[in-house]
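Given next are the chains, with one letter for each unit.
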Amino acid sequence: MRIFTASLATESNSFSPIPTSRKSFEDTMYFPPGTHPDRATHCTAPLYVARRRARQEGFELVEGSCFWAEPAGLTRQADYEDMRDEILRQLEAAMPVDAVLLGLHGAMAATETDDCEGDILERVRAIVGPKAVIGVEHDPHCHLTQKRVRNCDVMILYKEYPHTDFVERAEELVTLVLKTLKAEIKPVMSVFDCRMYERFPTSREPARSFVDKMTSLEGRDGVLSVSLCHGYSQGDVPDRGTRMLVVTDNAKAKGDALARALGEEVREKRGQWSPPFLSLDEAIDEAYAAERGPVVVADPSDNAGGGAASDNTNVIRRLVERGCVDACVGPVWDPVAVAFCHAAGLGTTFQLRFGGKAAATSGDPIDAEVTVIGLCRNGEQSFGTAKKSFGDAAGIRIGGVEVSLIASRTQALGTEIFSAVGIDLASKRYIGVKSTNHFYAAFGPIASKVLYCDGKGPSPVDPRDYPFRKMRRPLWPNDELPQGEMVV
Ligand SMILES: [Zn+2]
């Protein structure tokens, strides 16, 4: 038995000012065949799991290239095709294969291709033929198009948000693909389009219980897998939105009914899934009114993980203006300011300009006398079992506010993004993180309270505030809630 695996993944923000090229992938994560390290990264979990299962269960695994770029704007078309074709050539060379396992984020768009994953899967199917089994792992912030579902056999999405379960879901994917190859099951997929969009953090209700319910339905009565596609707010593509995916063992009618029933439950609870967003001043007031710290305040409006630049200065400026003490904010992406801090040296107080560079939505840069409180080379933060680089970094202090400056753009995932640059989190009243919800895995446990604020950065927290052109309407909350419908 011979299985091919590869990964091409990013999350394409149609409104981001940062263009994405092949180099963006190579700078973030590029593993040509055979060079992938023996640890999981979130989009290459199928490779990581399949490698171990191949050793245990005696099948042959052919490893193709793996690409991941930090979310940003649309990928340049020629570069997308170049990476796609690199993987397709490797697959052709590996033929004949019995199965293909792909780690695809699911919200990648190129300048001339809205549905990159559908395009890839259609080409993979054409190469391997109808009998080979194609298994795909997706991030729930994907666009679950008919084309991609029709061109694979099994698709599984992470259930948790923060996405701490990418390895467990990859294990399930590999198990279902192997069972299909042994003719023990015949997976059939059903997709229901909820015709809405909302955020679904599973660190709070009602999404926490909904994930538990999805899990409880699996592995009995012919139900193999249940996934909720949250959709991706900043992807302006026709299929943007929330969808339910059910995989059954050759029980299409049953899968359809379950996908529809769960989808209707999601629709009924619309407006309750997303956390409440405070204004910045309300968040500051509430954080300092708390009995004890630290209060973690997320600002999803400048989340690099969703394609924002992460160099907006609104939150820092307001904390400084209000004379707040024992506060910190991060990460701010500013490679030039990081280089200046390294050149100035630890303990130096000097005049620094930082932030506010990538776009008009970044706000104005801050000019201030700062003290360098920590320096770090090639920093890494933890996210579950994965490590994510933030490059060189520097910690600075302005009055009572400390800021983590980083050279390699990423969101706040692990506490190292502060601790590596001399920022002590335990003593803080206010910890401002540029992240939508992935911060929760590491910062939730150290927080006395978690708040979500609208920092008025480049990514509006209200999905109605984006100038969508391609998204199919009507779609709630941009429009009145239309009827839901089966897609597959
Ligand atoms: Zn995601």
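Our structure's up above, just so we're on the same page.
The present account deals with the structure reproduced in this document. Since we're looking at a predicted model, the values are computed, not measured.

## Some details on the packing of helix 9 (residues 280-289) against helix 10 (residues 314-321)
- Here helix 9 crosses helix 10 at 55°, and the two axes come no closer than 11 Å. By the angle class used here, helix 9 and helix 10 are oblique. Considering only the axes of helix 9 and helix 10, their crossing is right-handed. Here helix 9 contributes Leu 280, Asp 281 and Ile 284 to the contact with helix 10, which in turn contributes Asn 314, Val 315, Arg 318 and Leu 319.
- In the contact of helix 9 with helix 10, the residues fall into 4 nonpolar, 1 polar and 2 charged.

## As for the pairing of strand 5 (residues 133-138)
- In terms of burial, strand 5 is a largely internal element, 6 of the 6 residues being buried.
- Burial of the side chains of strand 5 extends over both faces: Val 133, Gly 135 and Glu 137 are buried on one face and Ile 134, Val 136 and His 138 on the other.
- Looking at chain direction, strand 4 (residues 99-103) and strand 5 are connected through 5 bridges and run parallel. By the bridge assignment for strand 5, Leu 102 is matched with Val 136.
- Note that the unit made of strand 4, helix 4 (residues 116-128) and strand 5 has a crossover that is right-handed.
- Two strands pair when backbone bridges link them, and strand 5 and strand 6 (residues 154-157) are joined in this way by 4 bridges, in the parallel orientation. Looking at the pairing, Gly 135 lines up with Val 154 of strand 6.

## A look at the coordination of the zinc ion
- Looking at the zinc ion, the protein donor atoms are Asp 139 (OD), Asp 139 (OD), His 141 (ND1) and His 163 (NE2), and they sit 2.1 to 2.6 Å from it.
- Coordination at the zinc ion comes from 4 donor atoms whose angles at the metal span 54 to 148°, giving a geometry best classed as irregular.
- Going along the chain, you hit the donors of the zinc ion in the pattern D-x1-H-x21-H. You can see His 141 sitting in the loop between strand 5 and helix 5 (146-150) and its partner His 163 sitting in the loop between strand 6 and helix 6 (166-181), a full 22 residues away along the chain.
- The class for His 141 is buried, based on a relative accessible area of 11%.

Definitions and cut-offs
Residues numbered from 1 in each chain as written. Predicted model: local features only at pLDDT ≥ 70, side-chain atom pairs only at ≥ 80, totals over all residues. Heavy atoms only, no water. Axes fitted to C-alpha atoms, helices over the stretch in contact; angles between N-to-C directions. Helix = DSSP H or I, 4+ residues; strand = E, 2+ residues; numbered from the N terminus. Parallel < 35°, antiparallel > 145°, perpendicular 65-115°, else oblique. Left-handed = near helix turned anticlockwise from the far one by under 90°. Contact = heavy atoms within 4.5 Å. Nonpolar A, V, L, I, M, F, W, Y, C, P; charged D, E, K, R; others polar. Buried < 20%, exposed > 50% of the residue type's maximum accessible area, 1.4 Å probe, protein only. Pairing = 2+ DSSP bridges. Right-handed = clockwise from strand over helix to strand, strands pointing away. Donors = N, O, S within 2.8 Å, 3.2 Å for Na, K, Ca; no water. Tetrahedral: all angles 85-135°; square planar, octahedral: opposite > 155°, others 65-115°.

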